[in-house]
Amino acid sequence: MLPALSLLNASCFYSELLWNAIQYLPYQDRYHLYYLWKCQVYSTDPLLILKKAEVTDRIKYLMKRLTKDTVKSIGRHIAKLAFSNPLVTFDHIIQQLQKYDNLNAPMADVLKLFSQLSVDVMIYTLVEELSNPAKDKINQATASLSPWLNSDSVVDFSLETLLDEEALAARCLESCFVETSSDWTPNRTDTR
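Owing to the predicted nature of the structure, the values given are computational and were not obtained by experimental measurement.

Enquirer: How should the overall build of the chain be read in this particular structure?
Expert: Along the backbone of the chain there are 10 helices and two strands. Ordered by position from N to C terminus, the α and β elements of the chain give α-α-α-α-α-α-α-α-β-β-α-α. Relative to its full complement of 192 residues, the chain shows a buried share of 44%. Across the chain, every contact between residues at least 6 apart in sequence was considered, and the portion connecting residues at least 24 apart equals 71%.

Enquirer: Hey, could you run me through helix α4 (residues 46-65) in this one?
Expert: An α-helical turn contains 3.6 residues, so any two residues separated by three or four positions project in the same direction. Between the first and last C-alpha of α4 there are 29 Å, a value that for 20 residues agrees with the 28 Å anticipated at 1.5 Å per step. Among the residues of α4, L48, K51, V55, I59, L62 and M63 are the ones counted as buried. Taken around the axis of α4, the buried residues stretch over an arc of 95°, which confines them to a single face. Exposed positions of α4 whose direction lies more than 90 degrees from the buried face are P46, D57 and K64.

Enquirer: Would you take a moment to explain the pattern of salt bridges for this structure?
Expert: Side-chain pairs of opposite charge can arise whenever the charged atoms involved come near each other. Under the definition given, this model contains four salt bridges. Taking the shortest distance from any N to any O, the salt bridge between D91 and K38 comes out at 3.2 Å. Placement of the pair is D91 in helix α6 (residues 86-99) and K38 in helix α3 (residues 27-44), with a sequence separation of 53 residues. The salt bridge partner of K112 is D109, with a shortest N-O separation of 3.7 Å.

Enquirer: Would you take a moment to explain the environment of K51 for this structure?
Expert: Counting through the fold element by element, K51 comes out in helix α4. A C-alpha to C-alpha distance of 7.5 Å links K51 and S6, two positions 45 residues apart in sequence. In contact with K51, not counting residues within four places along its chain, are S6, L7, L8 and N85.

Enquirer: Honestly, the packing of α3 against α6 in this entry has me stumped. Any pointers?
Expert: To describe two helices that pack against each other, one gives the angle between their axes and the distance between the axes. Packing of α3 against α6 leaves a shortest axis separation of 10 Å and a crossing angle of 95°. Taken as axis vectors, α3 and α6 run roughly perpendicular relative to one another. On α6, the residues touching Y34, W37, K38 and Y42 of α3 are P86, L87, V88 and D91.

Enquirer: Before we go on, may I ask you to explain the nonpolar core in this structure?
Expert: The tendency in soluble globular proteins is for nonpolar side chains to be buried as a group. Residues Y34, L66, I78 and F114 are the most contacted members of the largest nonpolar core, which totals 43 residues. Those elements that place two or more of their residues in this core are α1 (2-7), α2 (12-22), α3, α4, α5 (71-84), α6, α7 (104-110) and α8 (116-130). The element best represented in this core is α8, accounting for eight residues.

Enquirer: It is not clear to me how α5 should be interpreted in this structure. Could you clarify?
Expert: Taking 1.5 Å of rise per residue, 14 residues should cover 20 Å, and α5 covers 20 Å from first to last C-alpha, within 8% of that figure. Those residues of α5 not exposed but buried are V71, I74, G75, I78, A79, L81, A82, F83 and S84.

Enquirer: I tried to follow the confidence of the model for the chain on my own but got confused; where do I start?
Expert: Should the pLDDT be low somewhere, the predicted coordinates at that spot are not to be read in detail. Summary statistics for the chain give a mean pLDDT of 76 and a share of 69% for residues scoring 70 or more. Of all the helices and strands in the chain, helix α10 (residues 165-175) carries the lowest mean pLDDT, 48, while α4 carries the highest, 92. Below a pLDDT of 50 lies the segment residues 172-192, which in the model reaches 27 contacts outside its immediate sequence neighbourhood of four places, other chains included.

Enquirer: How do you make sense of the environment of I74 when you look at a structure like this?
Expert: As for its position among the elements, I74 is in helix α5. For the pair I74 and V110, spaced 36 residues apart in sequence, the C-alpha to C-alpha distance is 8.7 Å. Non-local contacts of I74, meaning those with residues more than four positions away in its chain, are made with L62, R65 and L66.

What counts, and where the lines are drawn
Residues numbered from 1 in each chain as written. Predicted model: local features only at pLDDT ≥ 70, side-chain atom pairs only at ≥ 80, totals over all residues. Heavy atoms only, no water. Helix = DSSP H or I, 4+ residues; strand = E, 2+ residues; numbered from the N terminus. Buried < 20%, exposed > 50% of the residue type's maximum accessible area, 1.4 Å probe, protein only. Contact = heavy atoms within 4.5 Å. Expected span 1.5 Å × (residues − 1). Arc of directions from axis to C-beta. Salt bridge = Lys/Arg side-chain N within 4 Å of Asp/Glu carboxyl O. Axes fitted to C-alpha atoms, helices over the stretch in contact; angles between N-to-C directions. Parallel < 35°, antiparallel > 145°, perpendicular 65-115°, else oblique. Core = buried A, V, L, I, M, F, W, Y, C linked by side-chain atoms within 4.5 Å. pLDDT = per-residue confidence, 0-100.

Here it is in structure tokens:
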């Protein structure tokens, strides 16, 4: 179902329909599906390889034009990309947020336009990024948080304003226990 979503035209309807089907899966299963979608499906199917390249080019174009003045118009286009290709979209968005602090405020406004599936995929992408062992979390020179981690904290704060406290607490609690290594398998002892 997830790869098919990538090939559809951007529609919040299909994104929400898919979210209604997978939202009751334990987070381990959902995140494992996202992992497979990102690491295996996008790299093996020729149509999805082409779609990934198209979406990457489009999100790069849009992110270059995102400012506090263009949030509404550009934000809608970014949200449309995230409806059908959230993994590709959020990979680039998070990379840009880590590099450029001036994108934090406009992206906080754009977050309001995302579907529930897009928000769940964004949380997965943030957890994957935060758990990357290759990235330093502390700036050794200044003994403070690395700039990339500070930017992700702004996105997390923006997500807090979007989600009600109960749902956010549940998602954050779930996300704290996610492993993103290549040999990751879901924990089948989950009783939910």
